[in-house]
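Residue-level listing of the chains:
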Amino acid sequence: MAMRAYPLSSLFFLRPRSAAPQLSPSFPRHRCFTSHVSFVDESVSEEEERWNSSNGENEAFAFEDGDGVFAGDGMKRLQAPVIEVKELEELPEQWRRSKLAWLCKELPAHKAGTLVRILNAQKKWLKQEDATYLAVHCMRIRENETGFKVYKWMMQQHWHRFDFALATKLADYMGKEGKFTKCREIFDDIINQGRVPSEFTFHILIVAYLSAPVHGCLDEAFGIYNRMIQLGGYQPRLSLHNSLFRAIVSKPGGSSKYYLKQAEYVFHNLETRGLEIQKDIYAGLIWLHSYQDTVDKARIKSLRKMMREAGMEEGRDVLLSILRACSKEGDVNEAERAWIKLLDSDGGIPSQAFVYKIEVYAKVGEITKSLEVFRTMQKQLGSASVAAYHKIIEILCKSEQMDLAESLMKEFIESGKKPLMPSYIELTDMFLKLSLHDKLESTFVECLEKCRPNRTIYNIYLNSLVKVGNLGKAEEIFNDMGGNVIIGVNSKSCNTILEGYLSSGDISKAGKIYDLMCERRYEIEPPLMEKLDYVFSRSRKRVKRPVSLKLSKEQREALVGLLLGGLQIDSDEERKNHMVRFEFKQDSVAHSILKRLIYDQYHEWLHPSSKLIDRDDDIPHKFSTISHPYFDFYADQFFPKGRPVIPKLIHRWLSPVVLAYWYMYGGYRTSSGDILLKLKGSSEGVEKVVKTLRAKSLDCRVKRKWGVFWLGFTGNKSMWFWKLVEPYILDDLKDFLKPGSDSAGHQL
């Protein structure tokens, strides 16, 4: 029988790009809720993806050529496999042609559950060739989702034979539409069959990941990029290398610096394959190196030499990166050379360059010159930046130049610039070292009047009170810290108050602090441990030893809520060891509040590398637990095969506490005051969650985008949800999360 061949590249462009605007997953009030769960693919609005931040390392690299060449442009030149399928009129049996024609018309009109039931009813006669025709037909008429469902149904049948060309075509369609989850699913199917995906599939999956505004996609894109080279043996196009590199340096400097190895790998591939290396690549790599904690001066020097040999001039971005690197190394001579070049460049000297020069001189102990640079900045730019005030006050406090530091702090306050907290911390820390406790107390009180509470400055004040023997006030401050989730107590706070109680001979209160520290598994400073052993031996009180780790009820419920909101569990290759990986958005005010609670709540479970030292107020946005058998259950329930699923027992776990943590971590309040909850998993799992919520009189609708489901509570339904979870929402988050407000939406 004659077969007709269809090249994938031609099928791709049968579908024109839609000019219709993308819709956000909002839930219009004029739509009625149906009794069943409906899944609709719609886009997430821009406001749901954005949260303003004031991160000190929030500067992204600026490209000279705008957006440049996107990797998607290179797909047109890639060769794609060919799929062969019989045409309907070529089938000999009239009844088969009729049934296939009916299925072609019927299937696209139904949702997943009904579609599977219809196909199951045809099992007696449907064969591989018939199902392949159905899948290809769906793609021809732009019903790619239906084609994907037919493909997944085929794989479950006893007669199924893996069709590489069909899988490739489907993966490419899914990737072309930006549906990276489905594209990756088919990609993994191809790998699991012992086949190597085509270059086209590798390329389009990477492009789909890079195009998605979803956290974690950049890491996935690089994973596929590495496999494309090492497993497939392919040589990626220049546009793909450039797009990956741009995706790295387009992130803020504080985040991009963790991707230095990946950026160097892209640069290595460009260099070894003789591909064109653009000026932005050189400049971007120097920019990344300048943000590292330990700067590789030799590598920066090598990159600058390559630029000169290629006939490229060092622009403002490169010179600023050189100054940033010099500020960490204290290289005054190189900083001065870069400064002179900046003076000759167009556009003047950026404010950040002054800050780096201030820091360079401070590194070599020339505090007077640092102050001169600060005054020059004020004169040339009209005023000093917030970063400059922070840096010069920090330098003066560390060099214990009290009068100058206080004078500049007063000037900073009068300027109306914010935030003031970093400078208040430096001042109080200086007063503590100089034993100026009265000045410290007045500065602390002034700070609370002007700034949001902060654990670091509370710890400094607590230390001061203990040193002067004011234990009554110290106890009051310690209790205030413990009662405020935004501040909280930590190992340093407990050691400080414990030292005060032991020094005063208050054994009873010292014992209570000791019990608290054992419960939270805080490390007790060795001198205090020696005193405790001596005191408890005399009082015949047995010294408690830390008990074995066990999650409390609140920790278990919080963990389930966080997992529903997108928390990850990492497992080794044998799935014997599991650790929880906490990750919070750097640009989210709400996440910055929640992460402190979570850090303190799971402190005893944290990996040693995640525990803070010394200046311990800056909770990292990423931290992880130790590997522990206790997490096996949660890994098996939520990530049975390394992919997120919704547990079968989820209906038993959706308590108000679980829902509250889910909302705080993976929730969103729209600008109209409605509530959205993000959820990953299968349609069947989501339906089970929705049914459980409805059993609690919480009605919602479900929509889908970027492989994520969105549960929406609108109008009165959002208020019912709020009444249920409000008692368990952090006080400082209630204004962000309370429904019914007309203010702008807030994504957590």
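Residues numbered from 1 in each chain as written. Predicted model: local features only at pLDDT ≥ 70, side-chain atom pairs only at ≥ 80, totals over all residues. Heavy atoms only, no water.

Focus: the overall build of the chain
Counting its regular elements, the chain contains 35 helices and 10 strands. The buried share of the chain, reckoned over its 748 residues, is 51%. Within the chain, contacts between residues separated by at least 24 positions form 69% of all contacts whose residues are at least 6 apart in sequence. (Helix = DSSP H or I, 4+ residues; strand = E, 2+ residues; numbered from the N terminus. Buried < 20%, exposed > 50% of the residue type's maximum accessible area, 1.4 Å probe, protein only. Contact = heavy atoms within 4.5 Å.)

As for helix 5 (residues 144-155)
Note: α-helices contain 3.6 residues per turn, so residues at a spacing of three or four share the same orientation. With 12 residues, helix 5 ought to run about 16 Å at 1.5 Å a step, and its terminal C-alpha atoms sit 17 Å apart, in line with that. For helix 5, a buried count of 9 out of 12 residues is recorded, marking the element as mostly surrounded by other parts of the structure. Along helix 5, the positions that sit buried rather than exposed are Asn 144, Glu 145, Thr 146, Gly 147, Phe 148, Val 150, Tyr 151, Trp 153 and Met 154. Buried residues belonging to helix 5 abut helix 3 (112-121), helix 4 (128-140), helix 6 (164-176) and helix 7 (180-192). (Expected span 1.5 Å × (residues − 1).)

Here we look at the packing of helix 4 against helix 6
The contact between helix 4 and helix 6 brings their axes to 11 Å, and the two run at 25°. Taken together, the axes of helix 4 and helix 6 are roughly parallel relative to one another. Crossing geometry of helix 4 relative to helix 6 is assigned as left-handed. Residues Thr 132, Ala 135, Val 136 and Met 139 of helix 4 lie in contact with helix 6, whose contacting residues are Leu 166, Lys 169, Leu 170 and Tyr 173. (Axes fitted to C-alpha atoms, helices over the stretch in contact; angles between N-to-C directions. Parallel < 35°, antiparallel > 145°, perpendicular 65-115°, else oblique. Left-handed = near helix turned anticlockwise from the far one by under 90°.)

A word on the packing of aromatic side chains
Enumeration over the complete set of coordinates arrives at 27 aromatic pairs. Considering the side-chain rings of Phe 187 and Phe 202, the 5.2 Å spacing of their centres and the 80° angle between planes classify their relative orientation as edge-to-face. In this pair, Phe 187 sits in helix 7 while Phe 202 sits in helix 8 (residues 199-211), placing the two residues 15 residues apart along the sequence. The same class applies to Phe 187 and to Phe 202, which are both buried. Among the aromatic residues, those joined into a cluster by ring pairs are Phe 582, Phe 584, Tyr 599, Tyr 602, Phe 623 and Tyr 665. Its end group placed over the ring of Phe 164, Arg 195 keeps NZ or CZ at 4.4 Å from the ring centre. Residue placement shows Lys 723 over the ring face of Trp 720; its charged tip is 5.3 Å from the ring centre. (Phe/Tyr/Trp six-rings, centres within 6.5 Å; stacked < 30°, edge-to-face > 60°. Lys NZ or Arg CZ within 6 Å of the ring centre and 35° of its normal.)

Topic: the pattern of salt bridges
Taken as a whole, this structure holds 36 salt bridges when the rule is applied. For the salt bridge of Glu 177 with Lys 179, the shortest nitrogen-to-oxygen distance reads 3.2 Å. The exposure class assigned to Glu 177 is partly exposed, which follows from its relative accessible area of 23%. A salt bridge links Asp 699 to Arg 694; its shortest N-O distance comes to 2.8 Å. Of the residues examined, Asp 699 reaches a relative accessible area of 24% and is grouped as partly exposed. What makes Arg 694 partly exposed here is its relative accessible area of 24%. A single salt-bridge network, built from bridges that share partners, covers Arg 304, Glu 314, Glu 334, Arg 337 and Lys 341. (Salt bridge = Lys/Arg side-chain N within 4 Å of Asp/Glu carboxyl O.)

A word on the pairing of strand 7 (residues 675-679)
Here is the key point about a regular strand: its side chains alternate between the two faces of the sheet. Most of strand 7 is tucked away, with 4 of its 5 residues classed as buried. From the end of strand 6 (residues 667-669) to the start of strand 7, which pair antiparallel, there are 5 residues, and Gly 673 there has a positive phi angle of about 95°. (Pairing = 2+ DSSP bridges.)

Structural notes on the nonpolar core
Core analysis: the largest hydrophobic core is formed by 156 residues, its most contacted members being Leu 134, Ile 206, Leu 244, Phe 374 and Leu 498. The contacts of Leu 244, once residues within four sequence positions are left out, are Ile 206, Leu 210, Ala 221, Phe 222, Tyr 225 and Val 266. Counting residues in hydrophobic clusters, the runner-up holds 64 residues, among them Leu 559, Leu 563, Phe 584 and Leu 679. (Core = buried A, V, L, I, M, F, W, Y, C linked by side-chain atoms within 4.5 Å.)

Some words on empty space enclosed by the protein
Taken as a whole and assessed by the stated rule, the structure comprises 3 cavities of 30 Å³ or more. Of the volumes computed, that of the largest cavity is approximately 140 Å³. Lining of the largest cavity is provided by 15 residues; of these, Leu 563, Leu 564, Gly 566, Pro 644 and Lys 680 occupy positions nearest its centre. (1 Å grid on protein atoms, 1.4 Å probe; cavity = no way out; pocket = protein on both sides within 12 Å on 5 of 7 lines; lining within 4 Å. Points joined across faces, edges and corners; volume = space filled by probe spheres on them.)

What to know about the sheet that holds strand 4 (residues 578-583)
As summarised here, the arrangement of the 3 strands in space is 3-4-5, forming an open sheet in which the pairing is antiparallel. Whereas interior strands pair on both sides, the edge strands pair on one side only; in this sheet they are strand 3 (568-571) and strand 5 (622-624). Across the sheet, the mean angle from the axis of one strand to that of its neighbour is 30°, orientation sign disregarded.

Details of the environment of Lys 595
Within the element layout of this structure, Lys 595 appears in helix 29 (residues 589-601). Note on Lys 595: relative accessible area 15%, which makes it buried. As a C-alpha pair, Lys 595 and His 621 span 26 residues in sequence and 7.4 Å in three-dimensional space. Beyond its immediate sequence surroundings of up to four residues, Lys 595 is in contact with Phe 584, Ile 619, Pro 620, His 621 and Phe 623.

Side note on helix 22 (residues 437-450)
Look at helix 22: 20 Å from first C-alpha to last across 14 residues, which is about the 20 Å you get at 1.5 Å a residue. If you check which residues of helix 22 are buried, you get His 437, Leu 440, Thr 443, Phe 444 and Cys 447. One face of helix 22 carries all of its buried residues, which in axial projection span an arc of 120°. For helix 22, exposure combined with an orientation more than 90 degrees from the buried face picks out Asp 438 and Glu 449. Against the buried residues of helix 22 lie helix 21 (421-433) and helix 23 (455-467). (Arc of directions from axis to C-beta.)

Considerations on the confidence of the model for the chain
Taken as a whole, the chain shows an average pLDDT of 83; of its residues, 84% reach a score of 70 or greater. Mean pLDDT per element in the chain: helix 1 (residues 8-12) is the minimum at 36, and helix 19 (residues 386-398) is the maximum at 96. Here residues 1-56 scores under 50 on pLDDT; set against residues more than four positions off or in separate chains, the count is 141 contacts. In this model, residues 742-748 is a region of pLDDT below 50 whose contacts with residues beyond four sequence positions or in other chains number 34 contacts. (pLDDT = per-residue confidence, 0-100.)

As for the pairing of strand 8 (residues 701-705)
Among the 5 residues in strand 8, 5 count as buried, and that is most of the element. Side chains Arg 701, Lys 703 and Lys 705 project from strand 8 onto one buried face, and the interleaved Val 702 and Arg 704 project onto a second face that is buried too. Bridge count between strand 8 and strand 9 (residues 708-713): 5 bridges; the pairing is antiparallel. From the neighbouring strand, Arg 701 faces strand 9, where its bridge partner is Gly 712.

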